[in-house]
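Structural overview
So the chains spell out like this:
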Amino acid sequence: MAASQQEHQQDNLEVRRGDITPEAYRQVLGRFPTGVTLVTGMDGDEPLAVVIGSFVSVSMDPPLVGFLIGADARTWPRISAGGSFCVNVLADDQADLANAFFTRDGDPWEGTGWVPALTGSPVIPSCVASIDCSVFDVMEAGDHLFVVGEVVNLRDHGTGGSPMVFLGGSYGSFGPGAGLGS
Ligand SMILES: Cc1cc2nc3c(=O)[nH]c(=O)nc-3n(C[C@H](O)[C@H](O)[C@H](O)COP(=O)(O)O)c2cc1C
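Below, the structure is looked at part by part. Each residue is numbered by its place in its chain's sequence as written, counting from 1. Whole-chain, interface and lining totals are the exception, using all residues; otherwise, since this is a predicted model, local features are given only for residues with pLDDT of at least 70 and side-chain atom pairs are given and counted only at 80 or more.

**Observations concerning the sheet that holds strand β12 (residues 170–173)**
Defined as follows: At least two bridges found by DSSP between two strands is the condition for calling them paired. Only DSSP runs of H or I reaching four residues or more are called helices, and only runs of E reaching two or more are called strands; each is numbered from the N terminus.
If you walk across this open sheet you meet the 3 strands as β1-β11-β12, and the pairing is antiparallel. Lying at the two open borders of the sheet, with one neighbouring strand each, are β1 (34–35) and β12. As paired elements, strand β11 (residues 164–167) and β12 share 4 bridges and run antiparallel to each other. In the sheet register, valine 165 faces β12, and the bridge partner there is glycine 172.

Here it is as structure tokens:
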């Protein structure tokens, strides 16, 4: 029987509202995998990017996507001032690219090829896909902002790469399991 089907299992951790520490929040939310994206934009002639795991599809009609950004993050206000952004979906062999933009030791754009999307935000063609957006709405959500973008242009780059997965502080790969509904 799979662990998730067992009738009783001792929790590793169980905390309730009021007792939720940053450590407990990270431990439990760290059980949920995300993809890894680079949200890019321009400040004048300067390309900018921030590593974002909280990217999500929001609506088909109209086509909307979203992500959460820390309210005190420094790069996002410079991107949002331009009114647009582009989400670049990283492949599982692009951990160096993710780390270059996360640590920003040196210039992460050096050696990173990019072309302007329709909105002007950088598209990184080596990534799996890109979603070019205009800013549709920005909502306060605790210590983060929920940014919703209206999709201007969708591109599947056809690299053959598999999207990167991020879980519990590590980058990894997607391994296909059972098919939908099987
Ligand atoms: C894999 C990964 C995923 C991340 N996802 C998010 C995210 O969804 N939202 C966020 O605000 N920061 C996220 N970060 C942190 C940001 O990349 C960035 O360090 C932070 O927003 C500070 O940005 P700033 O240098 O512009 O101030 C992530 C970092 C990594 C390595």
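On we go.
**A word on the site of the ligand**
Spelled out, the test is: Here, nearness is defined through the C-beta atom: a residue counts as near a molecule or strand if that backbone-placed atom lies within 6 Å of it. Any residue outside Ala, Val, Leu, Ile, Met, Phe, Trp, Tyr, Cys, Pro, Asp, Glu, Lys and Arg is labelled polar, Gly included; the first ten of those are nonpolar and the last four are charged.
What surrounds the ligand is a group of 16 residues, the closest being Val51, Gly53, Ser54, Arg74 and Thr75. Mapped by element, the contributors of at least two residues to the shell around the ligand are β3 (46–52), β5 (64–70) and α3 (95–103). Broken down by element, the residue count for the shell around the ligand peaks at 4 residues, all from β5. Among the residues forming the shell around the ligand, the class breakdown is 11 nonpolar, 4 polar and 1 charged.

**Some words on the nonpolar core**
Nonpolar side chains in soluble globular proteins tend to be buried together. Here is the rule: Only buried residues count toward a nonpolar core: Ala, Val, Leu, Ile, Met, Phe, Trp, Tyr and Cys, linked into one set through C-beta atoms within 7 Å. Around each residue's C-beta, the other C-beta atoms within 10 Å are counted; 20 or more make the residue buried, 12 or fewer make it exposed, and counts in between make it partly exposed. All C-beta atoms are placed from the backbone. Two residues form a contact once the distance between their C-beta atoms, set from the backbone, is within 7 Å.
Counting 35 residues, the largest nonpolar core has Leu38, Val39, Cys86, Val87 and Leu90 as its most contacted members. Mapped onto this core, the elements with two or more residues apiece are β2 (37–43), β3, β5, α2 (75–80), β6 (84–89), α3, β9 (129–141) and β11. Tallying contributions element by element places β3 first for this core, with 5 residues. Apart from residues no more than four positions distant in its own chain, cysteine 86 is found in contact with Thr40, Ala117, Thr119, Ser121, Pro122, Val123, Ser130, Ile131, Asp132 and Cys133.

**Structural notes on the sheet that holds β6**
For clarity, the cut-off: Axis geometry follows a simple rule: fit a line to the C-alpha atoms, using only the stretch in contact for helices, then measure angles between N-to-C directions, giving values from 0 to 180 degrees.
One open sheet accounts for 7 strands, arranged β3-β2-β6-β9-β10-β5-β4; its pairing is antiparallel. Edge positions in the open sheet fall to β3 and β4 (56–59), since each of these has one partner strand only. Pairs of neighbouring strands in the sheet enclose a mean axial angle of 35°, with direction left out of account. With 6 bridges joining them, β6 and β9 adopt antiparallel strand pairing. Note that in β9 the partner of phenylalanine 85 across the bridge is cysteine 133.

**Things to note about the environment of histidine 144**
With respect to the helices, strands and loops of the structure, histidine 144 is situated in strand β10 (residues 144–156). Of the residues examined, histidine 144 has 16 C-beta atoms within 10 Å and is grouped as partly exposed. In sequence terms histidine 144 and phenylalanine 101 are 43 residues apart; their C-alpha atoms lie 20 Å from each other. Leaving out residues up to four positions away in the same chain, histidine 144 has contacts with Leu68, Ile69, Gly70 and Ala71.

**Overview of unusual backbone geometry**
Cis rather than trans, the peptide bond between aspartate 61 and proline 62 has omega equal to 5°. Tracing the sequence through the fold places proline 62 in the loop between β4 and β5. Although it is not a glycine, arginine 104 adopts a positive phi angle of roughly 50°. The exposure class of arginine 104 is partly exposed, given the 13 C-beta atoms found within 10 Å.

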